[in-house]
Number of protein chains: 2
Amino acid sequence: MRRNVNAEGSWASIHAMSLPHAILGVLEARPMTGYELCRFFDGTARWVWTAPQSQIYPLLRKLEAEGWIEGEEQVRGERLKRTNYSLTAAGMDELRRWLGEPHAEPAVRDGLLLKSLFFDLADPDEAAQVLEQHVAELRERIEQWSAHRTALLARDTPLLKERLDHRPAETHERIARLKAHAFDHLIDQAELRIRWCEQTRELLHAPVTTPEAAARA
Amino acid sequence: MRRNVNAEGSWASIHAMSLPHAILGVLEARPMTGYELCRFFDGTARWVWTAPQSQIYPLLRKLEAEGWIEGEEQVRGERLKRTNYSLTAAGMDELRRWLGEPHAEPAVRDGLLLKSLFFDLADPDEAAQVLEQHVAELRERIEQWSAHRTALLARDTPLLKERLDHRPAETHERIARLKAHAFDHLIDQAELRIRWCEQTRELLHAPVTTPEAAARA
DNA sequence: ACATACATGTAAATGGTTACATGATTTA
DNA sequence: TAAATCATGTAACCATTTACATGTATGT
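Owing to the predicted nature of the structure, the values given are computational and were not obtained by experimental measurement. (Residues numbered from 1 in each chain as written. Chains lettered and ligands numbered in written order. Predicted model: local features only at pLDDT ≥ 70, side-chain atom pairs only at ≥ 80, totals over all residues. Heavy atoms only, no water.)

### Digging into the overall build of chain A
Quick reminder of the rule: The way it works is that DSSP assigns letters per residue, a run of H or I at least four long becomes a helix, a run of E at least two long becomes a strand, and they are numbered from the N terminus. Contacts are assigned to residue pairs with any non-hydrogen atoms lying within 4.5 Å of each other. For accessible areas, the Shrake-Rupley method is used with a probe of radius 1.4 Å. Any residue's cover is judged against the shown protein chains and nothing else.
For chain A, the count of helices and strands is nine helices and three strands. Taken from N to C terminus, the helices and strands of chain A fall in the order α-β-α-α-β-β-α-α-α-α-α-α. Put simply, 58% of the contacts in chain A that link residues at least 6 apart link residues at least 24 apart. When the accessible area of chain A is evaluated, it comes to approximately 10900 Å², of which 50% is carbon and sulfur surface.

### Re the packing of helix H1 (residues 19-27) of chain B against helix H4 (residues 89-100) of chain B
All names here are of chain B. Our working rule: Comment: axis = line fitted to C-alpha atoms, over the contacting stretch for helices; angle = value between 0 and 180 degrees taken between N-to-C directions. Just so you know how the angles are binned, under 35 degrees is roughly parallel, over 145 roughly antiparallel, 65 to 115 roughly perpendicular, and the rest oblique. By definition, turning the near helix anticlockwise from the far helix through less than a right angle yields a left-handed crossing, and turning it clockwise yields a right-handed one.
The interhelical angle for the contact between H1 and H4, taken along N-to-C directions, is 120 degrees, at an axis separation of 10 Å. One finds that H1 runs oblique with respect to H4. By crossing handedness, the relation of H1 to H4 is classed as left-handed. Residue-level inspection shows His 21, Leu 24 and Gly 25 of H1 in contact with H4, the latter providing Gly 91, Glu 94, Leu 95, Arg 97 and Trp 98.

### What about the packing of aromatic side chains?
Geometry of an aromatic ring pair is reported as the spacing of the ring centres plus the angle between the planes. Where we set the bar: Pairing of aromatic rings covers Phe, Tyr and Trp, the last counted by its six-membered ring, and requires centre-to-centre distances within 6.5 Å; plane angles under 30 degrees mean stacked, over 60 mean edge-to-face, and any other angle means tilted. Accessibility here uses a 1.4 Å probe with only protein chains present; expressed as a share of the type maximum, an area under 20% marks a residue as buried, one over 50% as exposed, and anything in between as partly exposed. Geometrically, a charge over a ring is one whose NZ (Lys) or CZ (Arg) sits within 6 Å of the ring centre while staying within 35 degrees of the ring normal.
Counted under the stated rule, the structure contains two aromatic pairs over all chains. Pairing Phe 40 of chain B with Phe 41 of chain B gives two aromatic rings, centres 5.7 Å apart and planes at 75 degrees, and the pair type is edge-to-face. Since its relative accessible area comes to 13%, Phe 40 of chain B is described here as buried. Against the face of Trp 98 of chain A rests Lys 115 of chain B, its NZ or CZ located 5.2 Å from the ring centre.

### Digging into the confidence of the model for chain A
This is how it is decided: Confidence scores labelled pLDDT are given residue by residue by the predictor and lie between 0 and 100.
Across chain A, the average pLDDT comes to 89, with 84% of residues at or above 70. The spread of mean pLDDT over the elements of chain A runs between helix H9 (residues 211-216) of chain A, the lowest at 62, and helix H4 (residues 89-100) of chain A, the highest at 98.

### Some points on the relation of the copies chain B and chain A
Stated precisely, the cut-off is as follows: The least-squares superposition of copies is restricted to C-alpha atoms, and to residues with a pLDDT of at least 70 in both copies.
Structural alignment of chain B on chain A gives an RMSD of 0.0 Å, achieved by rotating through 180 degrees and translating 0.0 Å along the axis. On this basis, the relationship between the two copies can be described by a two-fold rotation axis. Identified as the residue of chain B closest to the rotation axis by C-alpha distance is Gln 189 of chain B, at 3.4 Å. The fraction of interface residues of chain B whose copies in chain A are also interface residues reaches 100%, indicating that both copies meet through the same surface.

### Regarding the pattern of salt bridges
Residue and element names in this part refer to chain A. Cut-off, in case you're wondering: One speaks of a salt bridge when a side-chain nitrogen belonging to Lys or Arg is within 4 Å of a carboxyl oxygen belonging to Asp or Glu.
Overall, the coordinates contain 32 salt bridges over all chains when judged by the stated rule. Ionic pairing is found between Arg 139 and Glu 198, a salt bridge with its closest N-O pair at 3.5 Å. Here Arg 139, found in helix H6 (residues 124-153), pairs with Glu 198, found in helix H8 (residues 172-205); they are 59 residues apart in sequence, far enough to count as distant. According to the relative accessible area criterion, Arg 139 is partly exposed, its value standing at 45%. Overlapping salt bridges, with partners in common, bring together Arg 30, Glu 36 and Glu 162 in one network.

### A closer look at H4 of chain B
All names here are of chain B. Put simply, the test is: Any helix carries an expected span of 1.5 Å times its number of residues minus one. Within this analysis, the arc is defined by the directions that extend from the helix axis to the C-beta atoms.
Its twelve residues place the ends of H4 17 Å apart at the C-alpha level, agreeing with the 16 Å of an ideal helix rising 1.5 Å per residue. Every buried residue of H4 is accounted for by Gly 91, Met 92, Glu 94, Leu 95, Trp 98 and Leu 99. Around the axis of H4, the buried residues are gathered within 160 degrees of arc, so they sit on the same side. Exposed side of H4, more than 90 degrees from the buried face: Ala 89 and Asp 93 are the residues found there.

### Let's talk about the interface of chain B and chain A
The criterion, for reference: Buried area is a sum: the accessible area each of two parts loses on coming together, probed at 1.4 Å, counted once for each and added. For this classification, the nonpolar set comprises Ala, Val, Leu, Ile, Met, Phe, Trp, Tyr, Cys and Pro, the charged set comprises Asp, Glu, Lys and Arg, and every other residue, Gly included, is treated as polar.
Contact with chain B, which involves 78 residues of that partner, is made by 78 residues of chain A. Summed over both partners, the interface of chain B with chain A comes to about 7600 Å²; 65% of that surface belongs to carbon and sulfur atoms. It is His 103, Leu 121 and Arg 174 of chain B that lose the most area in chain B upon contact with chain A, and together they represent 10% of the buried surface on that side. At the surface where chain B touches chain A, the tally comes to six salt bridges. The partner of Lys 179 of chain A in a salt bridge is Asp 120 of chain B, and the shortest N-O contact between them spans 3.6 Å. Counting only elements with at least two residues in the side of chain B that touches chain A, the list comes to H1, H4, helix H5 (111-117), helix H6 (124-153), helix H8 (172-205) and helix H9 (211-216) of chain B. A breakdown of the residues in the side of chain B that touches chain A according to their chemical character gives 38 nonpolar, 19 polar and 21 charged.

### Comments concerning the packing of helix H2 (residues 34-42) of chain A against helix H3 (residues 53-66) of chain A
Residues and elements named next belong to chain A. Their axes nearest at 10 Å, the elements H2 and H3 cross at an angle of 140 degrees. Judged by the angle between their axes, H2 and H3 are oblique. H3 is crossed by H2, and the crossing has right-handed handedness. On H3, the residues that touch Gly 34, Tyr 35, Leu 37, Cys 38 and Phe 41 of H2 are Gln 53, Ile 56, Tyr 57 and Leu 60. Here the residues of the contact of H2 with H3 sort into seven nonpolar, two polar and no charged.

What follows is the structure, encoded as structure tokens:
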């Protein structure tokens, strides 16, 4: 993640922060207003990266100061200025640089796994309920991811269409497949996790055995 | 995650913060000093939850103020006080309460997946290298998780031994299996991710096809 | 004696969340 | 004309990370 200290002193550190590049990547499809980006990171793409308004608006000004995006000022009503941001050449360079930069996988920090580590102290039925509720949530996510995956493969999402409009036709198949494959992983991960939850439930309700009985079995 | 506002005003919010309960869970095995906990969260258990000293020491004072742990003061050298923290009955109650509380899965925020979403803009060889390096890192983690899993099943980790010392013998098998199963999931997850990386590499280097050729295939 | 491990903290910055605030435009 | 959506921000807080600071006990 090693990003150089820049003149203004922004971004001196080596963090996993990906939102700036997520924004650059989205703007590669087409220019957008802050509001559109807000909806995007709270809606369509919620399941790859999420961000609230309060994070996006200040970031946009930062990215513009960096020269990676450019806002086009428009007069609205009497005095409101509305800015439409587009990716600059420098922004595209930065996006490509980030893509080639090694990925620093953050340390595992999984609240449910942590909980499961101490499930022997809990009421088995309560623990099982925690797992069941989690499985239900995962199934919902899978449904939405699957729908998005299908749409991507059919090149039927608004953003992908706009993106493909300025890319050679012979690359379209590859682009759609690559994007869909990210969602493949989200789906497979969630399905793996559902199986793990079910196995954990079995362990919770397994009959208590003495060490001798376990050795015999 | 809904935690009540307490008299002193600490922890009013609804965050996914699990470190306090991770500490309570570790102290259930036996009393520890802050330093031991630091080593633990930076060493043995690194792959379930991680935390630096600067987070642990202040938290310990907070947890003691809350009444969940109790520090035993000891004179060291001339004036240094060393405190050995143990879980209180109230701490055990809080741990059990947390275990039964529904798990709030955080929004997906996967830097590598995000990157892969834009890999069509990158040099395929550079992108493949990012994936290869990630696979290497995952393989290392798998090795360490596997070793820990095996040790848990053999009831051969220092902490598990101490934990089992104050639990009925007929529960030992279940406890060891439950703990090992958390590491099963970490391993399976990483293996799934390795397969995804390899599939992504294939997609990166797949021959470019025209829509017509793709339709024919 | 010197290095390493033991032991405990503080300070500053970052990324992210929640809540608050405001006004314009469109639609029912 | 009222509600919903468009549009843009600020303030405060929390968890986490990095870096800094200090002193003791132990083993070589």
